[in-house]
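Descriptive analysis of the structure
Here's the letter readout for the chains.
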Amino acid sequence: MEKQPLYEGKAKRIYSTDVADELLVYYKDDATAFNGLKKGTIDSKGVLNNKITTFFFDLLGKNGIPHHFIKRVSEREQLVKSLKILPVEVVVRNIAAGSLAKRIGWEEGRKLPAPIVEMYYKNDELGDPLINQHHIKILELATEEQVKTLEEYAFKINEILTNYLREKKIELIDFKLEFGVHNGQVLLGDEISPDTCRFWDSETGEKLDKDRFRRDLGNVEDAYKEILFRLTGEKA
Ligand code: UDP
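Residues numbered from 1 in each chain as written. Predicted model: local features only at pLDDT ≥ 70, side-chain atom pairs only at ≥ 80, totals over all residues. Heavy atoms only, no water.

1. Side note on the overall build of the protein
The following threshold applies: Counting from the N terminus, the helices are DSSP H or I runs at least four residues long and the strands are E runs at least two residues long. Throughout this description, buried means an accessible area under 20% of the type-specific maximum (1.4 Å probe, protein chains only), exposed means over 50%, and partly exposed covers the range between. Should any heavy atoms of two residues lie within 4.5 Å, those residues are counted as being in contact. Every accessible area reported is derived by Shrake-Rupley at a probe size of 1.4 Å, with residue values counting cover from the shown protein chains alone. His is not counted, nor are the chain ends; Lys and Arg add positive charge and Asp and Glu add negative charge. We put the charge of a Lys on NZ, of an Arg on CZ, of an Asp on CG and of a Glu on CD.
When helices and strands are counted, the protein shows six helices and 14 strands. Along the longest, intermediate and shortest principal axes, the C-alpha atoms of the protein span 45 × 45 × 35 Å. Counting across all 236 residues of the protein, residues that qualify as buried make up 51%. When contacts within the protein are restricted to residue pairs at least 6 apart in sequence, those whose partners lie at least 24 apart make up 56%. With an accessible surface of roughly 11900 Å², the protein has 49% of that area assigned to carbon and sulfur atoms. Side chains of the protein give 37 positive and 41 negative charges; the mean places of these two sets differ by 2 Å.

Here's what the structure looks like:
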């Protein structure tokens, strides 16, 4: 396959392929936090997140969520449909943690009365600020119809994931989604992994996600491995 580098992000590299509307995504071990201020690597993260993302996109596809994922083609690479990414990060929350806990003054771990969706402007220079549908409109980040679709998909994805993860004794605290447009249709893109979700062990409350890196809790790689193991039974 002919592959040409197109773009390098914080955790992934994107290549064009010989098919016009298909891209190759390469998962790196690089990890960043706090808008790039903290940098490091997590051994094998790329391999683990490629597999974990593959698992979640398969699960969501089977449950009717349209997405960009085509197939995993190697340990660190997956083939996806190219998207025009909407510059909006969609966060779903079930339990207060991270920036929400700080913003509204709730202790981490307090259950929200119902899941909520938040939108952030995907803009590194501005530090991805929280925005609402009115900001999205004046900035022309997405149409009103697309915003409705994002919210609908976000809640549906939350239902599918929380139900699935509960059986694996994993509490889904919150997570971030990105969407894009392909042939006029809104598709789920990017990744779903311990980099983009908060996963707590249902029984012990142990953090099994990137907060181990952000907060220097240690055993970062083991946490990612544990998530892959609980989802697929695979020992990495
Ligand atoms: N998140 C992400 N990328 C970002 C910001 C947040 O994947 O650039 C995820 C994060 O892992 C968590 C959820 O979105 O699962 C909510 O994050 P929060 O707003 O609490 O921000 P943080 O505490 O990570 O700064």
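2. Thoughts on the pattern of salt bridges
Put simply, the rule reads: Salt-bridge detection follows one rule: a side-chain nitrogen of Lys or Arg within 4 Å of a carboxyl oxygen of Asp or Glu.
Going through the model one piece at a time under the given rule, you end up with 28 salt bridges. Note that Glu118 and Arg103 form a salt bridge whose closest N and O atoms lie 3.1 Å from each other. Of this pair, Glu118 sits in strand β10 (residues 111-121) while Arg103 sits in helix α2 (residues 98-104), and the two are 15 residues apart along the sequence. For Glu118, a relative accessible area of 7% corresponds to the buried category. For Arg103, a relative accessible area of 39% corresponds to the partly exposed category.

3. Regarding helix α6 (residues 220-232)
Stated precisely, the cut-off is as follows: Helix span is expected to be 1.5 Å times the residue number reduced by one. Directions drawn from the helix axis to the C-beta atoms are what define this arc.
In this model α6 runs 19 Å from its N-terminal to its C-terminal C-alpha over 13 residues, within 8% of the 18 Å that 1.5 Å per residue would give. What α6 keeps buried is the set Val220, Ala223, Tyr224, Ile227, Leu228, Arg230 and Leu231. What you see down the axis of α6 is that its buried residues fit within an arc of 165°, all on one side. In this fold, the buried residues of α6 make contact with α1 (45-62), α4 (144-167), β12 (170-182), β14 (197-201) and α5 (211-214).

4. Things to note about the site of the ligand
Put simply, the rule is: The nearness test applies per residue and asks whether one of its heavy atoms lies within 4 Å of the molecule or strand. A 3.5 Å cut-off defines polar contacts: any pair of N or O atoms within that distance qualifies, except that in protein one atom must be a possible hydrogen donor and the other a possible acceptor, and neighbouring residues in sequence count only when both atoms are side-chain atoms. Just so you know the grouping, Ala, Val, Leu, Ile, Met, Phe, Trp, Tyr, Cys and Pro go in nonpolar, Asp, Glu, Lys and Arg go in charged, and all remaining residues, Gly too, go in polar.
Near the ligand, the surroundings consist of 16 residues, among which Arg93, Ser99, Asp174, Arg198 and Arg214 are the closest. Residue Ser99 places a side-chain N or O atom 2.6 Å away from an oxygen atom belonging to the ligand. Between an oxygen atom of the ligand and a side-chain N or O atom of Arg198, the distance comes to 2.7 Å. Elements that contribute at least two residues to the shell around the ligand include exactly β9 (88-95), α2, β12 and β14. Partitioned by chemical class, the residues of the shell around the ligand number five nonpolar, three polar and eight charged.

As far as function goes, none of this settles anything; it's purely spatial.
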